[in-house]
Amino acid sequence: MDFKIDKLDDFTLIQILKEKLDTHIAPSLKSELVLLSGNGERNILLDLGKSSYCDSSGLSAILVANRLCKNADGVFVLSGLQPAVERLISVSQLDSVLTIASDLDEGVELMKKAIEK
């Protein structure tokens, strides 16, 4: 399995279990995101704590998750960015668009605060 999905009380946690979020994982992740959204899920926490590499297809999956949540008036939080992935997001200037937490615990806290608003 490339990623793990846990439906929690107020949001869905998706943890990437592989070192690379790339063309091997991104298409199935996008499909799962669309299914979750279609089932009414609007709050997603995507944890990349185990991923030290991300390519353009991985970035695309992240942006799909963000768009689906925003379109549903929900919350999208990205957590656990490793240095190379963080650099890619920064160079792509997505750090100004995405809500990013340093680790999973902070991501859960950010998610809970955002949902309470």
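Scope of this entry: the structure provided in the associated data block.

What counts and what doesn't
Residues numbered from 1 in each chain as written. Predicted model: local features only at pLDDT ≥ 70, side-chain atom pairs only at ≥ 80, totals over all residues. Heavy atoms only, no water. Buried < 20%, exposed > 50% of the residue type's maximum accessible area, 1.4 Å probe, protein only. Helix = DSSP H or I, 4+ residues; strand = E, 2+ residues; numbered from the N terminus. Axes fitted to C-alpha atoms, helices over the stretch in contact; angles between N-to-C directions. Parallel < 35°, antiparallel > 145°, perpendicular 65-115°, else oblique. Contact = heavy atoms within 4.5 Å. Nonpolar A, V, L, I, M, F, W, Y, C, P; charged D, E, K, R; others polar. Expected span 1.5 Å × (residues − 1). Arc of directions from axis to C-beta. Polar contact = N/O pair within 3.5 Å; in protein donor to acceptor, adjacent residues only side chain to side chain.

Although it is not a glycine, D73 sits at a positive phi angle of roughly 55°. Given the relative accessible area of 66%, D73 is considered exposed. For Q93, which is not glycine, the phi torsion reads 60° and is therefore positive. The topology assignment puts Q93 in the loop between α3 (83–91) and β7 (99–101). Q93 sits in the exposed class, given a relative accessible area of 58%.

Where helix α1 (residues 26–38) meets helix α2 (residues 56–71), the axes come as close as 9 Å, and the angle between the chain directions of the two elements is 5°. In this view, α1 runs roughly parallel relative to α2, as classed from their interaxial angle. Facing α1, whose interface residues are A26, L29, K30, L33, V34 and S37, α2 presents S57, G58, S60, A61, V64, A65 and L68. Broken down by class, the residue content of the contact of α1 with α2 amounts to eight nonpolar, four polar and one charged.

The next thing to look at is helix α4 (residues 104–116). Helix length check: α4 (13 residues) gives 18 Å between terminal C-alpha atoms against 18 Å at 1.5 Å per residue, within 8%. The complete set of buried residues in α4 reads G107, V108 and M111. Looking straight down α4, one finds that the buried residues subtend no more than 100° of arc, so they occupy a single side. Exposed residues lying more than 90 degrees from the buried face of α4 are D105, K113 and E116. Its side-chain oxygen at 3.3 Å from the backbone nitrogen of D105, D103 defines the N-terminal cap of α4.

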